[in-house]
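Residues per chain are reported as follows:
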Amino acid sequence: MNLGLILRDSWRITWRSWSLWLLTLLLFAVFIPAGVLSFSFSAVATAVTFPIADPQLLFFVRRLQSVPGSAWVGIAFVAFLVLITTTAVALILQAATMRGAALAAEGGKASLGEMLRLGKSRVANIVKLSLSFGLIIVALGLLPSLTLILLGDKSPLGSRLINLAQTGLTPITTILNLVLLLAIMSIALEDFTPRKAFGRASSVFRVGWWAFLLVVGLSGLAALITAIILVIPIFIAMPVVIFEARTGLMLFALGYACAGPLALGFLLFTAVFTLVLYTLIYREA
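Residues numbered from 1 in each chain as written. Predicted model: local features only at pLDDT ≥ 70, side-chain atom pairs only at ≥ 80, totals over all residues. Heavy atoms only, no water.

(A) Highlighting unusual backbone geometry. Not every positive phi belongs to a glycine, and Asp191 is a case in point at roughly 60°. Within the fold, Asp191 resides in the loop between helix H7 (156–190) and helix H8 (194–243). Relative accessible area serves as the criterion here: at 34%, Asp191 is assigned to the partly exposed category. (Helix = DSSP H or I, 4+ residues; strand = E, 2+ residues; numbered from the N terminus. Buried < 20%, exposed > 50% of the residue type's maximum accessible area, 1.4 Å probe, protein only.)

(B) Looking closely at the packing of aromatic side chains. Under the definition given, this model contains eleven aromatic pairs. Arranged with centres 5.9 Å apart and planes meeting at 65°, the rings of Trp11 and Trp15 form a pair that is edge-to-face. You can see Trp11 and its partner Trp15 sitting in helix H1 (residues 3–16), four residues apart, about one turn around the helix. By relative accessible area, Trp11 is classed as partly exposed at 46%. The interplanar angle of 40° and the centroid separation of 6.3 Å between the aromatic rings of Trp21 and Phe269 together place this pair among those described as tilted. Of this pair, Trp21 sits in helix H2 (residues 18–49) while Phe269 sits in helix H9 (residues 245–284); the two residues are 248 residues apart in sequence, bridging distant segments of the chain. Comparing Trp21 with Phe269, the two get one shared label, buried. (Phe/Tyr/Trp six-rings, centres within 6.5 Å; stacked < 30°, edge-to-face > 60°.)

(C) Here's a closer look at the side chain of Arg122. Mapped onto the fold, Arg122 is located in helix H6 (residues 120–151). Within the buried core, Arg122 has no salt-bridge partner, and the shortest N-O distance to an opposite charge, that of Asp191, equals 4.3 Å. Not counting residues up to four positions away in its chain, the partners in contact with Arg122 are Arg99, Ile187, Ala188, Leu189 and Asp191. (Lys, Arg positive; Asp, Glu negative; His and termini not counted. Salt bridge = Lys/Arg side-chain N within 4 Å of Asp/Glu carboxyl O. Contact = heavy atoms within 4.5 Å.)

(D) Quick look at H6. Along its 32 residues, H6 runs 44 Å from first to last C-alpha, staying within 8% of the 46 Å computed at 1.5 Å per residue. The largest bend along H6 reaches roughly 40° and is located at Gly134. (Expected span 1.5 Å × (residues − 1). Bend = angle between axes of the 7 residues up to and from the residue.)

(E) How the structure looks around the pattern of salt bridges. Counted according to the given criterion, the structure contains three salt bridges. Here Arg12 makes a salt bridge to Asp9, at a shortest N to O gap of 3.8 Å. Within this pair, Arg12 and its partner Asp9 are both found in helix H1, separated by three residues, close to a single helical turn. In this structure, Glu106 and Arg283 form a salt bridge, with 3.6 Å as the shortest nitrogen-oxygen distance. Taken as a pair, Glu106 in the loop between helix H4 (69–105) and helix H5 (112–116) and Arg283 in helix H9 lie far apart in primary sequence, 177 residues in all.

(F) Highlighting the packing of H4 against H6. At a closest axis distance of 8 Å, the pairing of H4 and H6 adopts a crossing angle of 140°. Between H4 and H6 lies a crossing of right-handed hand. Considered class by class, the residues forming the contact of H4 with H6 number 22 nonpolar, four polar and two charged. (Axes fitted to C-alpha atoms, helices over the stretch in contact; angles between N-to-C directions. Left-handed = near helix turned anticlockwise from the far one by under 90°. Nonpolar A, V, L, I, M, F, W, Y, C, P; charged D, E, K, R; others polar.)

(G) Here's a closer look at the confidence of the model for the protein. Per-residue confidence for the protein gives a mean pLDDT of 80, with 88% of residues at or over 70. Looking across the protein, the model is least confident in helix H3 (residues 55–65), with a mean pLDDT of 68, and most confident in H1, with 87. (pLDDT = per-residue confidence, 0-100.)

(H) Summary view of the side chain of Ser130. Mapped onto the elements, Ser130 comes out in helix H6. Excluding residues within four positions of it along the chain, Ser130 makes contact with Ile84, Thr87, Ala88, Leu91 and Leu135.

Below, the structure is given as structure tokens:
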């Protein structure tokens, strides 16, 4: 496997195939409700678990703790439905992006409409995958937070154990997401059924595991750089806020007016580039 050639081709495809950028931007939009739901559950779980001294925040937390457990279970069920739906749509968009990258690698070009026309069998297989494997990933992400909300501060030892489990699940969910990505590639590029897709993904990973893990590392580095871009305005504005609140807040707003689009653009480029990389490595492996 010539990784240098793959990197060069991925760079070329990324900058010449703007339809891939549009699909990835649409993918970001689909992830918004999933991200809001996951963050909300994590925030509520943290609020009802850890001691809070501020009276206003404590009043708000008490209101959350007064919500019946059955209501939280119902909310979690609705969240599951939303997350599974967004997962299915996101996987379909990923599959369309992979097909577009593969067509571009072969020297051709595909319009946005052609990429989205995956065919009934591919769409059906992707939906099946999201209802099975995707459900497991969603459950691993949501159930620890739900358990913390139900326990609250009633069981400190249980809360600690669940927090530990939640931290330990992070590498597991990362691996599962990579496996799911490879399975989606098998469906998108070779039209396998879900069962055969996992076997194909396994054989491909055995050949190109080091290259796939390299892309995972690049994705992590890109996320770190994005976080740094978003944190810079805080470090610039905070010293000014201490001495002149109004000027500091204006500087803070101006900083994020610049840093926000820059971070989004960098994240969008990284998402397109890494997905093209995954696709070309899969084809080579």
